[in-house]
Structure formats: structure tokens, C-alpha cells
Amino acid sequence: MWSCDLARAGRGLRLGMAALILAAAAGCTAGPLYGDRAADFGAPGAVSASALRGRIAVAPAEDRMTQIVRNKLLFDLNGGDAVREPLYEVGLTVNGAEVGVSIESGSGVPTASIFQVTVSYQVVRLSDSKVIATGKRQANAPFDRSAQLFAAERAAYDARQKAGETAASLVELDAVARIRRDVTG
């Protein structure tokens with residue numbers, strides 16, 4: 001009789017787990033960044049976010065750090081296409097600095113560092129100049145310093161480039177999600 005009760009409990013446990021999995025899956029909102037489920041299924045009047053590629057401008061850069069972020073962001077937002085008749089514009093304020101320098105004990109020579117980039121941005125709908133999103137993203141890139149001057153400078157240059165591109169990718173994720181929400185209502 002005990003095995004019968006155990007079998008019923010196992011069946012109930014399996015049903016409970018199945019219900020839990022279905023409930024978790026129902027709340028899932030993951031989807032492709034440039035996809036739109038309504039447009040993918042042919043809903044009338046639906047605009048896909050991928051249709052906006054080539055229509056998102058990025059404000060001009062004033063310095064080298066901003067230019068690194070801007071170049072990567074323009075490429076990612078528009079798929080390498082030239083921007084034509086923009087519908088949205090992303091404005092950027094970029095700050096980059098070397099932080100967290102490790103010093104070798106005894107000699108006082110720097111051995112490692114981190115380049116940190118902070119990007120504040122806003123997404124503006126150009127048709128009515130309404131700001132639809134603002135945010136701030138940060139990226140870090142560690143690098144080693146060596147006694148060779150050129151190697152140390154090149155490592156810092158590469159870290160600045162990597163941190164800037166990583167920050168641009170983070171901005172892209174939020175900007176596209178906000179634009180997608182704005183387009184689909």
C-alpha cells in the first residue's frame with residue numbers, strides 16, 4: 001500500500017513541476033533585439049524594429065572617446081548602412097579615465113590598470129523632439145602596464161577602445177529596446 005501512495009505522490013509532483021514550468025514560460029518576454037513578434041506574424045500596421053535600421057542617428061562627437069563610442073553605436077544601430085532620413089537620434093556624453101592602478105611594491109612602478117568609460121545618453125524622437133529614453137552605462141577594460149613605453153601606451157589605447165565599444169553595445173541594447181517600445185506602442 002505504501003508503494004501506491006508513493007506512485008500517486010510522484011505523479012502529483014510531476015504535474016506540479018509541469019504547471020510550474022508552464023507558468024514560468026508564460027512570463028517569458030525574451031525575443032530578438034531587432035525583431036517584433038506582431039510584425040513577424042503579419043499583424044496589420046505593425047512596424048518591425050528592424051525596419052528602423054538606417055534611420056537612427058547619433059549626435060556628432062566632440063572628442064576621441066566620444067568618437068569611439070559613436071562609431072560603434074552607429075554601426076550597431078544601423079547595420080553599417082548610412083543614416084538616411086533619421087527618425088531617432090541618440091545624444092551622448094562620454095567620460096573615460098584610467099582607474100584602479102596597481103603599483104608594484106618596492107619599486108612603485110604601475111603594473112596593471114583599468115580603463116573605465118561612462119556613457120550618459122538620451123534617445124530623442126525627431127518628429128516631435130520628445131526624449132523617449134535616458135540612461136547611463138559603464139564599461140571597464142583591464143590592461144597590463146610594462147616597462148616598455150610603447151607596449152604600455154598601446155595597452156592603454158586598446159583598453160580605451162575596448163571599453164568604449166563595450167559601453168556602446170550596452171547603450172545599443174537599451175536604446176533599441178526603448179525605440180522598439182516607442183514604435184510598437
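All values derive from a computational prediction rather than experimental measurement.

Colleague: How do you make sense of helix α3 (residues 64-78) when you look at a structure like this?
Modeller: It helps to recall that an α-helix has 3.6 residues per turn; residues three or four apart then point in one direction. The end-to-end C-alpha distance of α3, which contains 15 residues, comes to 21 Å, matching closely the 21 Å that a straight helix rising 1.5 Å per residue would cover. Of the positions making up α3, those classed as buried are Met65, Thr66, Ile68, Val69, Arg70, Leu73, Leu74, Asp76, Leu77 and Asn78. Residues of α3 that are buried make contact with β1 (56-58), β2 (88-103), β3 (110-125) and α4 (149-184). Phi for glycine 79, located one or two positions after α3, is positive at around 65 degrees.

Colleague: What should I look at first to understand the packing of α3 against α4 in this one?
Modeller: If you want to describe how two helices pack, look at the angle between their axes and the distance between the axes. Running from N to C, α3 and α4 cross one another at 45 degrees; their axes reach a closest spacing of 8 Å. Judged on the interaxial angle alone, α4 and α3 are oblique. In the crossing of α3 with α4, the sense of the turn from one axis to the other is right-handed. Touching Arg64, Met65, Ile68, Val69, Lys72, Leu73, Asp76 and Leu77 of α3 are Tyr157, Arg160, Gln161, Gly164, Glu165, Ala168, Ser169, Val171, Glu172 and Val176, all from α4. Split by residue class, the contact of α3 with α4 holds nine nonpolar, three polar and six charged.

Colleague: Would you explain the pairing of β2 in this entry?
Modeller: Consecutive residues of a regular strand have side chains that alternate between opposite faces of the sheet. Pairing of β1 with β2 involves three bridges; the strand directions are parallel. What sits directly across from alanine 57, in β2, is glutamate 89. In this sheet, β3 lies alongside β2 in antiparallel orientation, the contact comprising 14 bridges. What sits directly across from threonine 93, in β3, is serine 120.

Colleague: Help me out: how do you make sense of the sheet that holds β1 in this one?
Modeller: In any sheet, the strands associate via hydrogen bonds between backbone groups, in a parallel or an antiparallel arrangement. Strand order in this open sheet of four strands is β1-β2-β3-β4, and the pairing throughout is mixed. Since the sheet does not close on itself, it has two edges, and those belong to β1 and β4 (130-144), each with one partner. Sheet twist, expressed as the average angle between the axes of neighbouring strands with direction ignored, equals 25 degrees. In the sheet, β3 pairs with β4 via 14 bridges, with the strands oriented antiparallel. Within β4, the residue paired with isoleucine 114 across the bridge is proline 142. Across the face of the sheet, α3 comes into contact with β1, β2 and β3 while running at roughly 130 degrees to β2. Helix-sheet contacts for α4 involve β1, β2, β3 and β4, and the interaxial angle to β4 is about 155 degrees.

Colleague: Where do I start with the nonpolar core in this structure?
Modeller: General note: in soluble globular proteins, nonpolar side chains tend to be found buried as a group. One finds Leu73, Val90, Leu92, Val117, Val119 and Val123 to be the most contacted residues of the largest nonpolar core, which totals 33 residues. Residue assignment for this core shows that the elements contributing at least two residues are β1, α3, β2, β3, β4 and α4. Take this core: its biggest share by element is 10 residues, from α4. If we ignore the near neighbours within four places in the chain, the residues touching valine 117 are Met65, Val69, Val94, Asn95, Gly96, Arg137, Gln138, Ala139, Ala163, Gly164 and Ala167.

Calculation rules
Residues numbered from 1 in each chain as written. Predicted model: local features only at pLDDT ≥ 70, side-chain atom pairs only at ≥ 80, totals over all residues. Heavy atoms only, no water. Helix = DSSP H or I, 4+ residues; strand = E, 2+ residues; numbered from the N terminus. Expected span 1.5 Å × (residues − 1). Buried < 20%, exposed > 50% of the residue type's maximum accessible area, 1.4 Å probe, protein only. Contact = heavy atoms within 4.5 Å. Axes fitted to C-alpha atoms, helices over the stretch in contact; angles between N-to-C directions. Parallel < 35°, antiparallel > 145°, perpendicular 65-115°, else oblique. Left-handed = near helix turned anticlockwise from the far one by under 90°. Nonpolar A, V, L, I, M, F, W, Y, C, P; charged D, E, K, R; others polar. Pairing = 2+ DSSP bridges. Core = buried A, V, L, I, M, F, W, Y, C linked by side-chain atoms within 4.5 Å.

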